[in-house]
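Okay, here's what each chain looks like letter by letter:
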Amino acid sequence: MREKLVIGNWKLHGGLLENQGLLNRLKQELHDLDGVATAVCLPYVYLYQAQDLLQDSSIAWGAQNVSQFTEGAFTSCISAKMVAEFGCTYTIIGHSERRALKLESNQVATKRLLNALHAGLTPIFCVGETQDERDGNMAELIVRNQMLNVVYGLDDEAFALAKKFNMVIAYEPVWAIGTGEHATPEQAQRMHAFIRMMIAERDREFAEQIRIVYGGSMAPKNAYSLLSMPDIDGGLLGRAALVAEDFVDICKIASRCYQQKTAVRESSRAVPVFEA
Ligand code: PEP
């Protein structure tokens, strides 16, 4: 059974004092949740603070990106190895805001992914279509294209690292990010199943294990319907990650969905015993 994963993407938000309040609150409320791993991805400058505050908790932390370079004359870049030194478990790669604002291509995203894997990080690789692409019936084609380098572009060694460090895929329809309009559970499920099928083209076993999380205006009011879908293994949260109550609520809903799924599984396994 795949554990759920709920990750907060803080984007360009935070401040030492606010972070302290938010992280301490999450720490108090997020422990002993059955079947859910939780994490926050903060701006680089707060990784040290996250490490300090979260090291004795069950909440992991991560970066929002890493450089495509490993070392050298690349002003302002931050390498995967550097963030790993701050105890990061995760890094987001290929977020649509990076793809749009910084014109990051699939090729650059793949280089970042490789660097993350070589530094022992778990990449959260983001894919998703724009509204125009969806309207033009191109959603699956776009996502397939974004996934190609991951499925076929990684050599065996890199693919083994992706398995070893439990690479995560985040399906984030661009039109749903920060808009308050989320994908319907059916739309999201369909795309998640499609992504899983693509991964199965390379490795069936990994396709069953890999967590594919949904991102795009996930909130307490829509989390249950999304997270109870069979191929939705968690959430990547923007706005909801900045409000302790919302983040905690979504993590608890994820746990409930996990427990329900486990119960269904157990009951379908139970073999009826008939007396002669
Ligand atoms: C995101 O930026 O990854 C995201 C999902 O944002 P929001 O939850 O605010 O839509």
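Scroll up a little and you will see the structure.
What counts and what doesn't
- Residues numbered from 1 in each chain as written.
- Predicted model: local features only at pLDDT ≥ 70, side-chain atom pairs only at ≥ 80, totals over all residues.
- Heavy atoms only, no water.
- Near = heavy atom within 4 Å.
- Polar contact = N/O pair within 3.5 Å; in protein donor to acceptor, adjacent residues only side chain to side chain.
- 1 Å grid on protein atoms, 1.4 Å probe; cavity = no way out; pocket = protein on both sides within 12 Å on 5 of 7 lines; lining within 4 Å.
- Sits in = over half its atoms within 2 Å of the grid points.
- Phe/Tyr/Trp six-rings, centres within 6.5 Å; stacked < 30°, edge-to-face > 60°.
- Helix = DSSP H or I, 4+ residues; strand = E, 2+ residues; numbered from the N terminus.
- Buried < 20%, exposed > 50% of the residue type's maximum accessible area, 1.4 Å probe, protein only.
- Lys NZ or Arg CZ within 6 Å of the ring centre and 35° of its normal.
- Lys, Arg positive; Asp, Glu negative; His and termini not counted.
- Salt bridge = Lys/Arg side-chain N within 4 Å of Asp/Glu carboxyl O.
- Contact = heavy atoms within 4.5 Å.
- Points joined across faces, edges and corners; volume = space filled by probe spheres on them.
- Nonpolar A, V, L, I, M, F, W, Y, C, P; charged D, E, K, R; others polar.
- Axes fitted to C-alpha atoms, helices over the stretch in contact; angles between N-to-C directions.
- Left-handed = near helix turned anticlockwise from the far one by under 90°.
- Pairing = 2+ DSSP bridges.
- Core = buried A, V, L, I, M, F, W, Y, C linked by side-chain atoms within 4.5 Å.

Asker: Mind showing me how you'd approach the site of the ligand here?
Answerer: Around the ligand, the surrounding shell holds 14 residues, and the nearest of these are Lys11, Glu172, Gly178, Ser217 and Gly238. Interatomic distance of 2.5 Å between a side-chain N/O atom of lysine 11 and an oxygen atom of the ligand. Within the contact set of the ligand, an oxygen atom lies 2.7 Å away from a side-chain nitrogen or oxygen of glutamate 172. The cavity where the ligand resides is the second largest pocket.

Asker: Would you explain the packing of aromatic side chains in this entry?
Answerer: Any aromatic ring pair is given by two values, namely how distant the centres are and how the planes are angled relative to each other. Under the criterion given, the structure shown has four aromatic pairs. Ring geometry for tyrosine 48 against phenylalanine 86: centres 6.4 Å apart, planes inclined by 85 degrees, an arrangement best described as edge-to-face. A residue pair is termed long-range when its members are at least 10 positions apart, and tyrosine 48 in helix H2 (residues 47-54) and phenylalanine 86 in the loop between helix H3 (80-84) and strand E4 (90-93) qualify at 38 residues. Under the relative-accessibility criterion, phenylalanine 86 is labelled partly exposed at 31%. Relative to phenylalanine 74, the ring of phenylalanine 69 has its centre 3.7 Å away and its plane inclined at 5 degrees; by these criteria the two rings are stacked. Accessibility expressed as a relative area gives 33% for phenylalanine 74, which makes it partly exposed. The ring centre of phenylalanine 159 lies 4.1 Å from the NZ or CZ of arginine 202, which sits over that ring.

Asker: It is not clear to me how the side chain of glutamate 172 should be interpreted in this structure. Could you clarify?
Answerer: By secondary structure assignment, the location of glutamate 172 is in the loop between strand E6 (168-171) and helix H9 (185-202). Within the buried set, glutamate 172 has no salt-bridge partner at all; the shortest N-O distance to an opposite charge, 6.9 Å, is to lysine 11. Polar side-chain contacts of glutamate 172 include one of 3.2 Å to the side chain of histidine 95. Sequence-distant contacts of glutamate 172, defined by excluding residues within four places in its chain, comprise His95, Cys126, Val127, Gly128, Ile177, Gly215, Gly216 and Leu236.

Asker: Just checking my understanding: could you explain the layout of surface pockets for this structure?
Answerer: Over the atoms rolls a probe the size of a water molecule, and in doing so it shows where empty space is left. As a volume, the largest pocket reaches approximately 670 Å³. For the largest pocket, the lining is made up of 21 residues, of which Tyr44, Gln64, Asn65, Arg98 and Lys102 are closest to its centre. Among the elements that make up the lining of the largest pocket, the one with the highest residue count is helix H4 (residues 96-101) (three residues). Broken down by class, the residue content of the lining of the largest pocket amounts to eight nonpolar, eight polar and five charged. Quantified by volume, the second largest pocket comes out at close to 360 Å³. Taken together, the elements giving at least two residues each to the lining of the second largest pocket come down to helix H11 (220-227) and strand E8 (234-237). The element contributing the most residues to the lining of the second largest pocket is H11, with three residues. In terms of residue class, the lining of the second largest pocket is built from eight nonpolar, eleven polar and five charged.

Asker: Please clarify how the side chain of asparagine 106 should be interpreted in this entry.
Answerer: With respect to the helices, strands and loops of the structure, asparagine 106 is situated in helix H5 (residues 106-118). Of the polar contacts made by the side chain of asparagine 106, one reaches the side chain of arginine 99; its length is 2.6 Å. Setting aside residues no more than four positions away along its own chain, asparagine 106 makes contact with Arg99, Asn145, Gln146 and Asn149.

Asker: Explain the packing of helix H1 (residues 16-29) against H2 to me, please; I cannot follow it from the model alone.
Answerer: The description of two helices packed together rests on the angle between their axes and the distance between the axes. As a packed pair, H1 and H2 sit with axes 10 Å apart at the nearest point and diverge in direction by 35 degrees. Note on packing geometry: the crossing formed by H1 with H2 is right-handed. Contacts from Leu16, Asn19, Gln20, Leu23, Asn24 and Lys27 of H1 reach H2 at Gln49, Ala50, Leu53 and Leu54. Among the residues forming the contact of H1 with H2, the class breakdown is five nonpolar, four polar and one charged.

Asker: Explanation requested: the pairing of E8 in the structure shown.
Answerer: Along a regular strand, successive side chains alternate from one face of the sheet to the other. Every second residue of E8 is oriented toward a common face, with Gly234 and Leu236 on one face and Gly235 and Leu237 on the other, all of them buried. Summarising the sheet, strand E1 (residues 4-9) and E8 pair through four bridges and their orientation is parallel. Bridge assignment links valine 6 to a residue of E8, and that residue is glycine 235. As paired elements, strand E7 (residues 211-215) and E8 share two bridges and run parallel to each other. Looking at E8, one finds that glycine 215 is bridged to leucine 236.

Asker: Help me understand the nonpolar core, please; the structure alone is not making it clear to me.
Answerer: Side chains of a nonpolar character, in soluble globular proteins, are inclined to be buried together. Grouped together as the largest cluster of nonpolar side chains are 73 residues, with contacts concentrated most on Met147, Ile169 and Ile195. With eight residues, the top contributor of residues to this core is helix H12 (residues 244-269). In contact with isoleucine 195, other than residues within four places in its own chain, are Val127, Val143, Met147, Ile169, Tyr171 and Ile212. Residues Ile7, Tyr90, Val168 and Val213 belong to the second largest nonpolar core, which totals 14 residues.

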